[in-house]
Amino acid sequence: MKLFVVLLVCAFAISSSFASDPSPLQDICVAIKEPKDAVFVNGKFCKNPNLTVADDFFFQGLNVPRNTDNKVGSFITGVDVNLISGLNTLGVSVARVDFAPYGVNPPHLHPHSSEILMCMEGELYVGFVLSNVLGNRFITKVLKPGDLFVFPLGMIHFQLNIGKTPAVAFASFGSQNPGFITVGNAVFGANPPIDPEVLIKAFQLDKKTVDYLQSQLWYNNHN
Ligand SMILES: *[C@@H]1O[C@H](CO)[C@@H](O)[C@H](O)[C@H]1NC(C)=O
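Residues numbered from 1 in each chain as written. Predicted model: local features only at pLDDT ≥ 70, side-chain atom pairs only at ≥ 80, totals over all residues. Heavy atoms only, no water.

*Asks:* When you look at the overall build of the protein in this model, what are you seeing that I'm missing?
*Replies:* Helices and strands together make up the secondary structure of the protein, namely 4 helices and 10 strands. The order of α-helices and β-strands along the protein, N terminus first, is α-β-β-β-β-β-β-β-β-β-β-α-α-α. In the protein, the proportion of contacts linking residues at least 24 apart, taken out of those at least 6 apart, comes to 73%. Element-wise, carbon and sulfur atoms account for 65% of the exposed surface of the protein, whose accessible area totals about 14,200 Å². (Helix = DSSP H or I, 4+ residues; strand = E, 2+ residues; numbered from the N terminus. Contact = heavy atoms within 4.5 Å. Areas by Shrake-Rupley, 256 points an atom, 1.4 Å probe, with all protein chains shown as cover.)

Shown next as structure tokens:
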């Protein structure tokens, strides 16, 4: 009996030391007092399972190359819960990434998920930067078809096509909605703009350079 109680206490101690809030399924979910104003739960509302059809779990056309004729020379087709409603609460999604010759998927991060990327065609220079506490060490690799690379949750990462032919990669995520924040777009393309004084001081740039950067079109290469 004593042993049982000790085991029970240990089990409780272990489980409570791992307890945390569940991870968010969307970027923001501001609390409201009046339920009539609610738009989403954390994720999406659920359909009556009896009304579910195969198309709720289906998406087609991911074999088709996307148009990469844009400033950065890449396009991401994220197939998340917004495109496959059956993904709601399941914690997975995928993306297709197309690259023009020398196109880049600019430094970005996914607030809700780690990523595993597989190079299908072409040659990709990829990498991510570790956190401040780990000295911002840069972890990088060149990927050829069939190579996989992992981008841990929240780390800033990129992929550059270093070949003179188009490249294609597929990415898997441990979230129904990995989220997408492009660093340059968020910092220099914020809407409304961040006060230039912040950027001048933070990035040790002169006013002219900050004005130049803030006046650029920060293209969103994600669907
Ligand atoms: C779904 O169908 C089952 C079996 O026909 C039924 O018992 C159940 O009430 C239905 N559920 C809902 C939410 O309509």
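Moving on from the model shown.
*Asks:* Can you help me understand the UniProt feature "binding site: oxalate" (unreviewed entry) in the protein in this one?
*Replies:* In this numbering, the UniProt entry assigns the feature "binding site: oxalate" (unreviewed entry) to Asn105, His110 and Glu115. Here His110 falls in the buried class, since its relative accessible area comes to 5%. Side-chain polar atoms of His110 contact the side chain of His157, separated by 3.3 Å. Inspection of the secondary structure assignment puts Glu115 in strand S4 (residues 115-121). Residue Glu115 is classed as buried on the basis of its relative accessible area of 5%. Among residues more than four places away in sequence, those in contact with Glu115 are His110, Phe149, Val150, Phe151, His157, Gln159, Ala171, Ser172 and Phe173. In terms of polar contacts, Glu115 uses its side chain to reach the side chain of His110, at 2.9 Å. (UniProt positions renumbered as here; feature names shortened; annotations may be inferred. Buried < 20%, exposed > 50% of the residue type's maximum accessible area, 1.4 Å probe, protein only. Polar contact = N/O pair within 3.5 Å; in protein donor to acceptor, adjacent residues only side chain to side chain.)

*Asks:* What am I meant to see in the side chain of Asn221 here?
*Replies:* Take Asn221: it is sitting in the segment after helix H4 (207-215). Within polar-contact distance, the side chain of Asn221 engages the side chain of Ser74 at 2.8 Å. If near-sequence neighbours (up to four positions away) are discounted, Asn221 is found in contact with Val72, Ser74, Phe75, Ile76, Val104, Asn105, Pro106 and Phe180.

*Asks:* Please explain the pattern of salt bridges as it appears in this structure.
*Replies:* Oppositely charged side chains may form a pair once their charged atoms are brought near each other. Tallied over the entire structure, the rule returns 4 salt bridges. A salt bridge links Asp98 to Arg96, with the shortest nitrogen-to-oxygen separation between them at 2.7 Å. The same class applies to Asp98 as to Arg96, namely buried. (Salt bridge = Lys/Arg side-chain N within 4 Å of Asp/Glu carboxyl O.)

*Asks:* Please clarify how unusual backbone geometry should be interpreted in this entry.
*Replies:* Outside of glycine, negative phi angles account for most residues, and trans bonds account for most peptide bonds. The step from Asn191 to Pro192 runs through a cis peptide bond, and the omega angle for that step is -5°. Its place among the elements puts Pro192 in the loop between helix H2 (183-188) and helix H3 (196-203). A positive phi angle, close to 75°, is found at Thr89, a residue other than glycine. Assignment of secondary structure puts Thr89 in the loop between strand S1 (74-79) and strand S2 (93-99). The backbone phi angle of Asn136 is positive, close to 50°, even though this residue is not glycine. Turning to its location among the elements, Asn136 is positioned in the loop between strand S5 (124-129) and strand S6 (138-143). Residue Asn136 is classed as partly exposed on the basis of its relative accessible area, which comes to 40%.

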